[in-house]
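Geometric and topological summary
Chain residues, written in single-letter form:
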Amino acid sequence: MRKIVLVACVLFGIMVNAQEAKKYDFGRNELKGNALALVFGSFNVSYERILSEESAVGVAVNLPFDNKNWDINYTLTGYYRYYFGKKPAAGFFGEAFGMLNNVDDYVYNDGTNYYELKTLTDFALGIGLGGKWVTKKGLLLEINGGLGRNLFNNQYDDRDFELIGRLGISVGYRF
């Protein structure tokens, strides 16, 4: 009986030790550029810090350089992501984000009965979905989209930017 208990304890110890050795060794920092935004005349870059195999936080900056196509002057977005993939911080993800945005918008002026151009700064909260694929060398491709609602400047009933979107096809590097 003692031999059976001893063999069981040794086997259990080997199994526990083998599972501990399965820890992942991966970079916890990512720099990405949004290629889709670049095509449409905007510079969008983001940094992401991986907290665990399933979650990360990040910040993204969007600065349009083609004012013909954009009414947005800038956006600054902070986000939290939860990953559902088998690889660390990769695969399908859901995110929650907060976005500080500055836009030029035509709003109706009751005093003059005309629309006038105003620059509005607002903050939006939103959610998004996406997917990320990472190679063994650290190169990555990410596709994401999300929708948020601006919380302030609600005195303008006819403003164009009550809802604000987040869309990207990004390439980057994990280190």
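The residue count restarts for each chain, going from 1 along the sequence in the order it is written. Note on the predicted model: pLDDT of at least 70 is required for a residue's local features to be given, and 80 or more for side-chain atom pairs to be given and counted; whole-chain, interface and lining totals, by contrast, use all residues. As a rule here, side-chain values cover all heavy atoms of the structure and leave hydrogens and water aside.

**Regarding the pairing of strand 3 (residues 55-64)**
Here, strands pair whenever DSSP counts at least two bridges between them. Numbering goes from the N terminus for both helices and strands, where a helix is a DSSP run of H or I of at least four residues and a strand is a run of E of at least two. Relative to strand 3, strand 2 (residues 42-50) runs antiparallel, the two sharing nine bridges. Paired with isoleucine 50 across the bridge in strand 3 is alanine 56. Hairpin connection between strand 2 and strand 3: a loop of four residues separates the two successive antiparallel strands. The sheet contact formed by strand 3 and strand 4 (residues 72-83) spans eight bridges and is antiparallel. Counted as the bridge partner of glycine 58 is tyrosine 79 from strand 4.

**Describing the sheet that holds strand 7 (residues 139-150)**
Spatially, the eight strands close up into a barrel ordered 1-2-3-4-5-6-7-8, and their pairing is antiparallel. For this sheet, the mean angle separating the axes of adjacent strands, direction not counted, is 25°. Across 19 bridges, strand 5 (residues 91-109) lies against strand 6 (residues 114-134) in antiparallel orientation. Bridging from a neighbouring strand, alanine 96 pairs with isoleucine 127 of strand 6. For helices, the fitted line uses only the C-alpha atoms of the stretch in contact; every axis is such a line through C-alpha atoms, and the angle between N-to-C directions lies from 0 to 180 degrees.

**Re unusual backbone geometry**
Its identity is not glycine, yet alanine 89 carries a phi of approximately 50°, on the positive side. The residue alanine 89 is located in the loop between strand 4 and strand 5 in this model. At asparagine 113, a residue that is not glycine, the phi angle is positive and equals roughly 60°. Mapped onto the fold, asparagine 113 is located in the loop between strand 5 and strand 6.

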